[in-house]
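Understanding the architecture of this molecule
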Amino acid sequence: MSTVVLTYGTFDLFHVGHLNLLQRLRDMGDRLVVGVSTDEFNALKGKRTIIRHEDRLRIVQGLKCVDLAIAEHHWEQKADDIRKHDVDIFGIGEDWKGHFDELENLCKVVYLPRTQGISSTQLKQAMSALDKVHLDELKQALGTLSAIVERFD
């Protein structure tokens, strides 16, 4: 009998922390099902994504450690998905510790440590520091670099 693992996330600005989590979860079982939060659900959670849901879903589905990527529409969906996909283990980052303990009556619940030094929130904060003036300066610098590279072609 195969072991099915389930997790959820927004997976915006996909980074190595996301990959580490998904690979660790896949190592816990034979199949990994990943719920990717829709843009509408993220809005209800007070989150705004950079990458649209359809693209985030395709990115996650394209990973070799992921067997199935599904859309996550609401909080209550988790219990239904556990039943639907015959899930043995529900796993998620430790920043959610205690939030999903009620699922333990359906399957094993594990909270995994985050990859230190990286998060989508940190990336978004760093990007927000780039105001229009900085972006214009960056564009100008890139234009200069492109001109230099063209001279050597």
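Scroll up for the structure.
Residues numbered from 1 in each chain as written. Predicted model: local features only at pLDDT ≥ 70, side-chain atom pairs only at ≥ 80, totals over all residues. Heavy atoms only, no water.

Focus: the nonpolar core
Selection rule: What we call a nonpolar core is a set of buried Ala, Val, Leu, Ile, Met, Phe, Trp, Tyr and Cys residues that are connected through their side-chain atoms within 4.5 Å. When accessible area is computed with a 1.4 Å probe and restricted to protein chains, residues below 20% of their type maximum are described as buried, those above 50% as exposed, and intermediate ones as partly exposed. Only DSSP runs of H or I with at least four residues qualify as helices, and only runs of E with at least two residues qualify as strands; both kinds are numbered from the N terminus onward. Contacts are assigned to residue pairs that have any heavy atoms within 4.5 Å of one another.
In this structure, Phe 11, Leu 22, Leu 25, Leu 32, Val 34, Val 60 and Val 66 are the most contacted members of the largest nonpolar core, which totals 16 residues. Those elements that provide at least two residues to this core are helix H1 (16-26), strand S2 (31-37) and strand S5 (108-112). Every residue in contact with Leu 32, bar those within four places of it in the chain, is listed here: Val 5, Thr 7, Leu 22, Leu 25, Arg 26, Cys 65, Val 66, Asp 67 and Leu 68. Core analysis: the second largest hydrophobic core is formed by 15 residues, Ala 79, Phe 90, Phe 100 and Cys 107 among them.

Details of the sheet that holds strand S4 (residues 89-93)
Sheet strands pair via backbone hydrogen bonds, and the direction of the pair is either parallel or antiparallel. The criterion, for reference: Each pair of strands is called paired provided DSSP finds at least two bridges between the two strands. Angles here are taken between N-to-C directions and fall from 0 to 180 degrees, while the axes themselves are lines fitted to C-alpha atoms, restricted in helices to the stretch in contact.
Overall, parallel pairing links the five strands, which are arranged S3-S2-S1-S4-S5 in an open sheet. In this open sheet, the two edge strands, each paired with only one partner strand, are strand S3 (68-72) and S5. This sheet shows a mean twist of 25 degrees between the axes of neighbouring strands, independent of strand direction. Relative to S3, S2 is paired through five bridges, and the arrangement is parallel. Counted as the bridge partner of Ser 37 is Glu 72 from S3. Taken strand by strand, H1 contacts strand S1 (4-9), S2, S4 and S5, and its axis lies near 145 degrees from that of S2.

Overview of the environment of Leu 68
You can see Leu 68 is positioned in strand S3. As for Leu 68 and Val 33, which are separated by 35 residues in sequence, their C-alpha atoms are 4.8 Å apart. Ignoring any residue separated from it by four or fewer positions in sequence, one finds Leu 68 in contact with Arg 31, Leu 32, Val 33, Val 34, Gln 61 and His 85.

Considering helix H3 (residues 53-61)
In plain terms, the rule: For this quantity, the arc is that covered by the directions from the helix axis to the C-beta atoms.
Within H3, burial applies to His 53, Arg 56 and Val 60. In a view along the axis of H3, the buried residues occupy a sector of 65 degrees, so they form one face of it. Buried residues belonging to H3 abut S2, helix H2 (39-44) and S3.

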